[in-house]
Structure formats: structure tokens, C-alpha cells
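Coordinate inspection notes
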Amino acid sequence: QSLPQQKLLTWLSVLECVEVFAEMGTARVWGEMGRWTIIVLIQLAKAILRLLLLLWYKAGIQTSPPIVPLNREQQQPLHPQDMEDNSSGKDQTYVGRRSSRVVRSLQSTPSLQSRHWGSPQQREESQSRRAEEMNQPPTPLGLQETIAESLYITRPLLHLLSLGVWGQRSWKPWLLSAVLDISSLSLLSDLKDLNRRERAELRRRTILLLYYLLRSPFYDRYSEGRILLLLRLLADYVPGVGFVTRPLMDYLPAWQKIYFYNWG
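Residues numbered from 1 in each chain as written. Predicted model: local features only at pLDDT ≥ 70, side-chain atom pairs only at ≥ 80, totals over all residues. Heavy atoms only, no water.

In the nomenclature of an unreviewed UniProt entry, the protein chain corresponds to Peroxisomal membrane protein PEX16 from the organism Spizaetus tyrannus. The Sequence similarities (unreviewed entry) comment attached to the protein chain in UniProt states, word for word, "Belongs to the peroxin-16 family." The UniProt entry for the protein chain carries this comment under Subcellular location (unreviewed entry): "Peroxisome membrane". (UniProt positions renumbered as here; feature names shortened; annotations may be inferred.)

Set out below in C-alpha cells:
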């Protein structure tokens, strides 16, 4: 990735990290008008950054979060003593004569900071496979797939526009957003030879369609009573589940009021 593309991904990641805090803080200081203003500005900035990545840098299907979190356990460097052992040519493994079982030799036991329970070959293979997956280029998108990804990127802006036109209690913003999400997934479903990250992203988007059961006005009309009843039954009749379901019941009304939890 080029340096400008990395900067765009970094700013996009920062926006996704602070969007909920910005919404809640702005609502506390400037009220509802300030809250919706910051929501529109953040969604507009995210859409511009994503469209630049899609159309200018040909980033393909964009994942969320934009920058994959670092797995510090897998990226942990070798201890200096371990590096010396490797450079000195010591055998890291011992193969049993009868069982042919591969075990780590006592002389090459790594330090406590970098110790793991797999064989050195397994660790090297997993690291190389993970590095190869991370370095795979994005799948080129045709016109149909580019339109589908553009629909997914611009969906939040169209949803906000429809909220301003028809109001928060109308079904039209809910239906418009659902149609755009489903259309985007349908157009992208014909794309073959996706890498692992892109397949995981499409699965994540498909699972997120369940959020429409928790978004107003569907939640207010149909889902709220059934979900609260199910959580109450689990809390009353399943031992130990109440520690999770009761706080969840108290949290749902607050969760419903925050736009970025529902629609971001």
C-alpha cells in the first residue's frame, strides 16, 4: 500500500473508533441539533474516504475495521538469546527413533516471553500463512461490483437524507437502507476468487442484516416486546444467565438511542 492510502486507512480507523464518543459527547454539550450535525459530518467523511479508496486506489471490498488489528502474540519477536541459538545452528527439534514424534530439544527451549506450545515448524507455517493472507492484493472489481460497493458506502448518507425527509418514525428510511444493503450483497455474491479477508467481510455484512430486527421502527413495533420477554424468561428460568440478560435488558433502551450503535 502507498503512503497516502495508509493515511486514508488510518483516518478512517480513527473515525470509526471515536464516532460513538463524538455522538454522545456532542449530544451532551450541544443537544440534539449538535448530535445530528456531528453524525452527518462523520458519515460524510467516512463515505468520502471510502470512495477515494475504492475509486482512486482500487482497494476493492473494504473491511471493517479498515486496518486489521495487530495480533501481538503472533507478531512477537524472538528473544535475543533465541536468535543466538538459531544463528549458532543448534537443532530446534528432536525426532524420536521409534515414535517419529517431533519434540523441541531442551537446548533450543525459547525464553518465557516467546514460548509457545506448538512445534517450531507449526509456528513458522502459521506465521507464513498469515503473512501471505495479509499481503494478498484486493480482488479487482468490475463495474457491477464497484456499483455494489458504492451502494454499501453511500447507504449511511442516503439513510440520513431519508430521515431528514420523512422523519425518524417513518418506515421509508428503514426500507431504503434494507434494500440498499441487500442489493449490495446480491451484486457482490457473483464475485469469485475472493481472498480470506474479503470473504469474512461479506459474511460479517450478511450477519449484520439481523440488526434490522433491532432498528427502529421495526424494533418499536415488533421486536422490543418479544426480545424483552425472551431475555426475562432466560433470566428467570435458566440458572446463571441472568447475570448477562438483566444488564442487557437495562442497556437496550440506551443502545437504541445511539445512532452509531444501530446504523453506523
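Bringing unusual backbone geometry into the picture now. Cis rather than trans, the peptide bond between Ser64 and Pro65 has omega equal to 0 degrees. If you trace the backbone, Pro65 turns up in the loop between α1 (3-56) and α2 (80-87). A cis geometry characterises the amide bond from Ser216 onward to Pro217, with omega recorded as 5 degrees. With respect to the helices, strands and loops of the structure, Pro217 is situated in the loop between α6 (196-207) and α7 (218-237). At Lys58, a position not held by glycine, the phi torsion is positive, near 55 degrees. With respect to the secondary-structure elements, Lys58 resides in the loop between α1 and α2. Taking the relative accessible area as the measure of exposure, Lys58 reaches 60% and is therefore exposed. (Helix = DSSP H or I, 4+ residues; strand = E, 2+ residues; numbered from the N terminus. Buried < 20%, exposed > 50% of the residue type's maximum accessible area, 1.4 Å probe, protein only.)

Let's shift gears to helix α8 (residues 242-257). End to end, α8 covers 24 Å across 16 residues, agreeing with the expected 22 Å (1.5 Å per residue, within 8%). At Tyr251, α8 shows its maximal kink, close to 40 degrees; a proline, Pro253, follows between one and four residues later. Those residues of α8 that fall on the buried side of the exposure criterion are Gly242, Thr245, Met249, Leu252, Trp255 and Gln256. Residues of α8 that are buried sit in contact with α7 and α9 (259-262). (Expected span 1.5 Å × (residues − 1). Bend = angle between axes of the 7 residues up to and from the residue. Contact = heavy atoms within 4.5 Å.)

Now for the environment of Ser150. By secondary structure assignment, the location of Ser150 is in helix α4 (residues 143-166). Relative accessible area serves as the criterion here: at 18%, Ser150 is assigned to the buried category. With 95 residues separating them in the primary sequence, Ser150 and Leu55 have C-alpha atoms 9.1 Å apart. With residues near it in sequence (within four places) discarded, Ser150 still touches Leu51 and Leu54.

Attention now goes to α4. The largest bend along α4 measures about 45 degrees and falls at Thr154, with the proline Pro156 one to four residues further on. A positive backbone phi angle near 90 degrees is found at Gly167, which sits one or two residues after α4.

What follows is about the nonpolar core. Taken as a class, soluble globular proteins show a tendency for nonpolar side chains to be buried jointly. By size, the foremost hydrophobic cluster in this structure holds 14 residues, and its most contacted members are Ile39, Leu160, Trp174, Tyr212, Tyr259, Phe260 and Trp263. Counting only elements with at least two residues in this core, the list comes to α1, α4, α5 (172-188) and α9. The biggest single contributor to this core is α1, with four residues. Each of two domains, domain 1 (3-66 + 139-214) and domain 2 (225-262), supplies a minimum of three residues to this core. With residues up to four places along the chain from it excluded, the contact list for Tyr212 reads Trp174, Ser177, Ala178, Asp181, Phe218 and Trp263. (Core = buried A, V, L, I, M, F, W, Y, C linked by side-chain atoms within 4.5 Å. Domains from an automatic or database assignment.)

Time to look at the packing of aromatic side chains. By the definition in use, this model includes 11 aromatic pairs. A ring pair is formed by Trp36 and Tyr259, whose centres lie 5.6 Å apart and whose planes are at 70 degrees; its orientation type is edge-to-face. Linking Trp36 in helix α1 with Tyr259 in helix α9, this pair joins segments that are 223 residues apart in sequence. You can call Tyr259 buried: its relative accessible area is 3%. A ring pair is formed by Trp174 and Phe218, whose centres lie 5.5 Å apart and whose planes are at 5 degrees; its orientation type is stacked. Here the residue Trp174 occupies a position in helix α5, and Phe218 occupies one in helix α7, the gap between them amounting to 44 residues. A connected cluster of aromatic rings, assembled from ring pairs, spans Trp171, Trp174, Tyr212, Phe218, Tyr222 and Trp263. The side chain of Arg35 reaches across the aromatic face of Trp36, ending 4.9 Å from its centre. Above the ring of Trp263, the side-chain terminus of Arg215 is found at 4.4 Å from the ring centroid. (Phe/Tyr/Trp six-rings, centres within 6.5 Å; stacked < 30°, edge-to-face > 60°. Lys NZ or Arg CZ within 6 Å of the ring centre and 35° of its normal.)

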